[in-house]
Amino acid sequence: DVTNPDPDYHFKVITDALKLAKEPLPRVDAVGGSATGTISGKNEATWCDIFPNVPPDVYQAKVVDIFSRITKEVAGDVPLKVINDGEVTALAAFQKIQKG
């Protein structure tokens, strides 16, 4: 529910899903993902429209580093890479047609 203004709700929903997904795995070596909006080189949600109702001060305190916190909660200190979902689409298209 992207309309939920509580970042803790989003954190829990995402971590619960990832914990379920990792159950059959022997270990997690790294975490990767995509998100809407602007993702920094440090995997920070600089601006992310997944959280449209989160007030700016709460966004800064609880959303900017959400991907790092999720990774630590689910997999510990493993590498993380989050990129913009549009970049994911562009990369997939390039790999399919081999043209830029």
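Once a new chain begins, its residue numbering starts again from 1 and follows that chain's sequence as written. Local features are withheld for residues below a pLDDT of 70 in this predicted model, meaning they are given only at 70 or higher, and side-chain atom pairs are given and counted only at 80 or more; totals for whole chains, interfaces and linings count all residues. Water and hydrogen atoms were dropped before computing side-chain values, which therefore reflect all heavy atoms in the structure.

Account for the overall build of the protein chain, naming residues and giving values.
Counting secondary structure elements, the protein chain contains 4 helices and 4 strands. Helical segments are the DSSP runs of H or I of at least four residues, strand segments are the runs of E of at least two, and each set is numbered from the N terminus. Starting at the N terminus, the α and β elements of the protein chain follow one another as α-β-β-β-α-α-β-α. Overall size of the protein chain, expressed as C-alpha extent along the three principal axes, is 40 × 35 × 25 Å. Buried means the residue's accessible area, taken with a 1.4 Å probe over protein chains only, is under 20% of the maximum for its type, while exposed means over 50%, and partly exposed covers the values in between. Counting every position in the protein chain, which comprises 100 residues, the buried fraction comes to 27%. We get accessible surface area from the Shrake-Rupley algorithm with a probe of 1.4 Å; when it comes to residues, only the shown protein chains can shield them. Accessible surface computed for the protein chain: about 6600 Å², of which carbon and sulfur atoms make up 59%.

Outline the pattern of salt bridges, listing residues and values.
Pairing between side chains of opposite charge can happen when the charged atoms of each approach one another. A pair is scored as a salt bridge if a Lys or Arg side-chain nitrogen falls within 4 Å of a carboxyl oxygen belonging to Asp or Glu. Across all of its chains, the model carries 6 salt bridges by this definition. A salt bridge links Asp16 to Lys12, with the shortest nitrogen-to-oxygen separation between them at 2.5 Å. Of this pair, Asp16 and Lys12 both sit in helix H1 (residues 7–22), separated by 4 residues, roughly a single helical turn. The class for Asp16 is partly exposed, based on a relative accessible area of 37%. One salt bridge in this structure joins Glu73 and Lys19, with 3.0 Å as the shortest N-O distance.

Describe the side chain of Asn43, with residues and values.
Take Asn43: it is sitting in the loop between strand S2 (38–39) and strand S3 (45–47). At 3.1 Å, the side chain of Asn43 forms a polar contact with the backbone oxygen of Leu80. In this description, contact between two residues means that some pair of their heavy atoms is separated by no more than 4.5 Å. When near neighbours in sequence (up to four residues on either side) are disregarded, Asn43 contacts Val64, Phe67, Leu80, Lys81 and Val82. Pairs of N or O atoms are called polar contacts if they sit within 3.5 Å, as long as, within protein, a hydrogen donor faces a hydrogen acceptor (for residues adjacent in sequence, only side-chain-to-side-chain pairs).

Quick one: what's the story with the environment of Phe67, residue by residue and with numbers?
Mapped onto the elements, Phe67 comes out in helix H3 (residues 66–75). With 23 residues separating them along the chain, Phe67 and Glu44 place their C-alpha atoms 6.9 Å apart. Once residues within four sequence positions are removed from consideration, Phe67 is found in contact with Ala35, Ile39, Asn43, Ala45, Leu80 and Val82.

Describe the confidence of the model for the protein chain, and please don't skip the residues or the numbers.
The pLDDT averaged across the protein chain works out to 90; a share of 95% of its residues lies at or above 70. In the model of the protein chain, helix H4 (residues 85–97) stands out as the element of lowest mean pLDDT, 74, in contrast to H3, which has the highest, 97. Each residue carries a pLDDT score, the predictor's own confidence in it, on a scale running from 0 to 100.

Describe the packing of aromatic side chains, and please don't skip the residues or the numbers.
Ring pairs shown here join Phe, Tyr and Trp side chains whose ring centres sit within 6.5 Å, with only the six-membered ring taken for Trp; geometry is labelled stacked below 30 degrees between planes, edge-to-face above 60, and tilted in between. What the rule picks out here adds up to 1 aromatic pair. Their ring planes at 75° and their centres at 6.3 Å tell us that Phe51 and Tyr59 sit as a pair that is edge-to-face. Residue Phe51 is classed as buried on the basis of its relative accessible area of 5%. Of the residues examined, Tyr59 reaches a relative accessible area of 11% and is grouped as buried.

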